[in-house]
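Analysis of the macromolecular model
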Amino acid sequence: MSTDGPRTVITFGTFDVFHVGHLRVIERAAALGDRLVVGVSADELNLRKKGREPVFSQRERLEIVAALKPVTEVFVEESLELKRHYIEHYGADVLVMGDDWAGKFDEFGDICEVVYLTRTPAISTTALIEKISAGS
């Protein structure tokens, strides 16, 4: 954790079928510091994690997230096991995750503050994909 200079916040996600819930978590994460670094899950990581490929490609998802005003920098998250490396590499002072991950990243409290944000109610990428697939 740096004690001087800009406060860096890091967060991670797939950010597939980008919706207002994604935007809210990015805005709220950005408000906790001066710089926001976002790790976008690699296509292969998403396949391992969720059992399906993203609707939008890794390149497209990186481009969408990078275009958001609050985002300072984006990178590809290749592995869930590399979170500590990413936090240290980007000099993050704060790790922000959705509250669906509550407690799962507390181990990083030794190198940064860990904050779990409440998810936007009734918004889920999976639910959106299912709704679109059903033609509703």
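Let me begin by describing the structure that accompanies this report. (Residues numbered from 1 in each chain as written. Predicted model: local features only at pLDDT ≥ 70, side-chain atom pairs only at ≥ 80, totals over all residues. Heavy atoms only, no water.)

So, the overall build of the protein
Spelled out, the test is: Only DSSP runs of H or I covering at least 4 residues are called helices, and only runs of E covering at least 2 are called strands; the numbering of each starts at the N terminus. Exposure is judged per residue with a 1.4 Å probe applied to protein chains only, and the accessible area is read against the type maximum: over 50% gives exposed, under 20% gives buried, and values in between give partly exposed. Here, residues are in contact when the closest pair of their heavy atoms is within 4.5 Å. All accessible areas in this document rest on Shrake-Rupley with a 1.4 Å probe, and a residue is counted as covered only by the protein chains that are shown.
Counting secondary structure elements, the protein contains five helices and five strands. Moving toward the C terminus, one meets the helices and strands of the protein in the order β-α-β-α-α-β-α-β-β-α. Looking at the protein as a whole, 40% of its 136 residues are labelled buried. A separation of at least 24 residues holds for 64% of the contacts in the protein among residues at least 6 apart in sequence. For the protein, the exposed surface amounts to about 7,300 Å²; the carbon and sulfur share of it is 53%.

Considering the side chain of Ser79
Counted only if it meets this: By the criterion applied in these results, polar contacts are pairs of N or O atoms within 3.5 Å in which, for protein atoms, one can donate a hydrogen and the other can accept it, and in which residues neighboring in sequence qualify only through two side-chain atoms.
For Ser79, the location among the structural elements is in the loop between β3 (73–77) and α4 (83–89). Polar contacts involving the side chain of Ser79 include one to the side chain of Glu81, which spans 2.8 Å. The residues contacting Ser79, other than those within four sequence positions of it, are Leu45, Arg48 and Tyr86.

Thoughts on the pattern of salt bridges
Close approach of charged atoms allows side chains of opposite charge to pair. The condition that has to hold: The working definition used for a salt bridge is a side-chain nitrogen of Lys or Arg within 4 Å of a carboxyl oxygen of Asp or Glu.
Applying the stated criterion to the full structure yields nine salt bridges. Arg84 is paired through a salt bridge with Asp110; the nearest N and O atoms lie 3.2 Å apart. Of this pair, Arg84 sits in helix α4 while Asp110 sits in the loop between β4 (94–98) and β5 (113–117), and the two are 26 residues apart along the sequence. We classify Arg84 as partly exposed; its relative accessible area is 26%. Of the residues examined, Asp110 reaches a relative accessible area of 55% and is grouped as exposed.

Things to note about the sheet that holds β3
For the record, the criterion: A strand pair is defined by DSSP finding two or more bridges across the two strands. Working convention: axes come from line fits to C-alpha atoms, limited for helices to the stretch in contact. Angles between N-to-C directions cover 0 to 180 degrees.
Taken in spatial order, the five strands make up an open sheet running β3-β2-β1-β4-β5, and their pairing is parallel. Edge positions in the open sheet fall to β3 and β5, since each of these has one partner strand only. Strand after strand, the sheet turns through a mean of 25° between neighbouring axes, direction not considered. Examined bridge by bridge, β4 and β5 share five bridges and lie parallel to one another. Across the sheet, Val94 pairs through a bridge with Glu113, a residue of β5.

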